[in-house]
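# Tertiary structure, described
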Amino acid sequence: MNVLVTGATGFVGGRLIPALLDAGHEVSALVRDRSTYDAPEGVTVFEGDVLEPSGLDEALDGVDAAYYLIHAMGGGHGFEERDRRGARNFANAAERAGVERVLYLSGLGVDGDDLSAHLRSRREVETVLGRGEYDLTVLRAAIIVGAGSASFRIVRQLGSRLPVMITPRWVSTRVQPIAVDDVIAYLVGVLDEPETADGTFEIGGPEVLTYREMLSTVGRVLTGREPWIVPVPVLTPRLSAYWVDLVTDVPAGVAYPLIDGMATDVVVTDDRIQSLVPVDCTPFEAAVAQALDEETAGEGH
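Structure report, in brief. Nothing here was measured: the structure is a model prediction, and the numbers come from that model.

Within the largest apolar cluster, 37 residues are counted, with the highest numbers of intra-cluster contacts made by Leu16, Leu20, Tyr67, Leu139 and Ile144. Contributing elements (two or more residues each) for this core: β1 (2-6), α1 (13-22), β2 (26-31), β4 (65-68), β5 (101-107), β6 (135-141), α6 (180-191) and α10 (273-276). Per element, the largest residue contribution to this core is eight residues, and it comes from α6. Counting 24 residues, the second-largest nonpolar core is a separate cluster that includes Leu56, Ala93, Ala94 and Tyr134.

Next comes the structure, spelled out in structure tokens:
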């Protein structure tokens, strides 16, 4: 199958492309700056930006399936409008090109009025992409554990840098984290499963944990000790964002929207994907150890 991956230089896209090649697909990548992308052998590279639709037609020409892995949150304020515009441009171009399938990695969370701005934007992108004349497959995930994940970076740095933490109420929020390798397995697997061609599926690891339990596990794996965590109800999401900003090096434009969503449980409520694309998911502690090993190896280069 001829497959295009957008967001090819990102945390997920950079891992997805080699996996698609291993699965026998013909792969092309859409990047904003070709000169900064070291493409794997056999990958055709196109230069373009979903916010500037003029370069999309060439990249999508002859493509059977396209992965949309672009999120504008890293650009700071106004990411919702950029996400909306990028998805609209891509959907229009994919429809013009006659693409059969589009696959989108979205965020896990129960739909409702209390969705964070980050998750609301993900849902809006799902809606915009869903208007195209192709089959849309959506996978929804919570925290993805792996070297390079912004949400995992927040948890890792909090869990390892502070022996005592005065924390917001969201430490009691329940989350179902998933290892990045398992996300990749699902993303590749749904491509070959016709029953996933026009559906939305939730993916998660084998454990449901609170942020407190995740912080404790990360601290133990990384430092040999668990941090002492003291929840304080008066820490609002905004104050919490300032606190995370002081303790971690995650850019504020990325951290703040993520933290805004930490007050809401993000747990799989529909596990249909397991019968369609069976994946033996990695336990959280093993996923953390693997991510930390990757980070250490990366620092050595």
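A word on empty space enclosed by the protein. As enumerated under the stated definition, the model contains two cavities of 30 Å³ or more in all. Computed from the structure, the largest cavity encloses a volume of approximately 50 Å³. Taken together, Val145, Gly146, Ala179, Val180, Asp181, Ala287, Gln290, Ala291 and Glu294 make up the full set of residues lining the largest cavity. Only α6 and α11 (284-299) provide two or more residues apiece to the lining of the largest cavity. Considering each element in turn, the lining of the largest cavity owes the most residues, four residues, to α11. Here the lining of the largest cavity is built from residues that sort into five nonpolar, two polar and two charged. Approximately 40 Å³ is the volume attributed to the second largest cavity. Every residue along the wall of the second largest cavity is listed here: Val145, Pro177, Ile178, Ala179, Gly205, Pro206, Glu207, Thr282, Pro283, Phe284 and Ala287. If you list the elements that add at least two residues to the lining of the second largest cavity, you get β10 (178-179) and α11. Here the lining of the second largest cavity is built from residues that sort into eight nonpolar, two polar and one charged.

To continue, consider the pattern of salt bridges. Throughout the structure, instances matching the rule amount to nine salt bridges. One salt bridge connects Asp57 with Arg96, and the closest N-O pair in it is separated by 2.8 Å. One end of the pair, Asp57, is in helix α2 (residues 56-60); the other, Arg96, is in helix α3 (residues 79-97), and 39 residues separate them in sequence. A relative accessible area of 54% places Arg96 in the exposed class. Three or more residues are tied together by salt bridges with common partners; here these are Arg123, Glu126 and Arg140.

Analysis parameters
Residues numbered from 1 in each chain as written. Predicted model: local features only at pLDDT ≥ 70, side-chain atom pairs only at ≥ 80, totals over all residues. Heavy atoms only, no water. Core = buried A, V, L, I, M, F, W, Y, C linked by side-chain atoms within 4.5 Å. Buried < 20%, exposed > 50% of the residue type's maximum accessible area, 1.4 Å probe, protein only. Helix = DSSP H or I, 4+ residues; strand = E, 2+ residues; numbered from the N terminus. 1 Å grid on protein atoms, 1.4 Å probe; cavity = no way out; pocket = protein on both sides within 12 Å on 5 of 7 lines; lining within 4 Å. Points joined across faces, edges and corners; volume = space filled by probe spheres on them. Nonpolar A, V, L, I, M, F, W, Y, C, P; charged D, E, K, R; others polar. Salt bridge = Lys/Arg side-chain N within 4 Å of Asp/Glu carboxyl O.

Everything listed is a geometric property; what it means functionally is a separate question.
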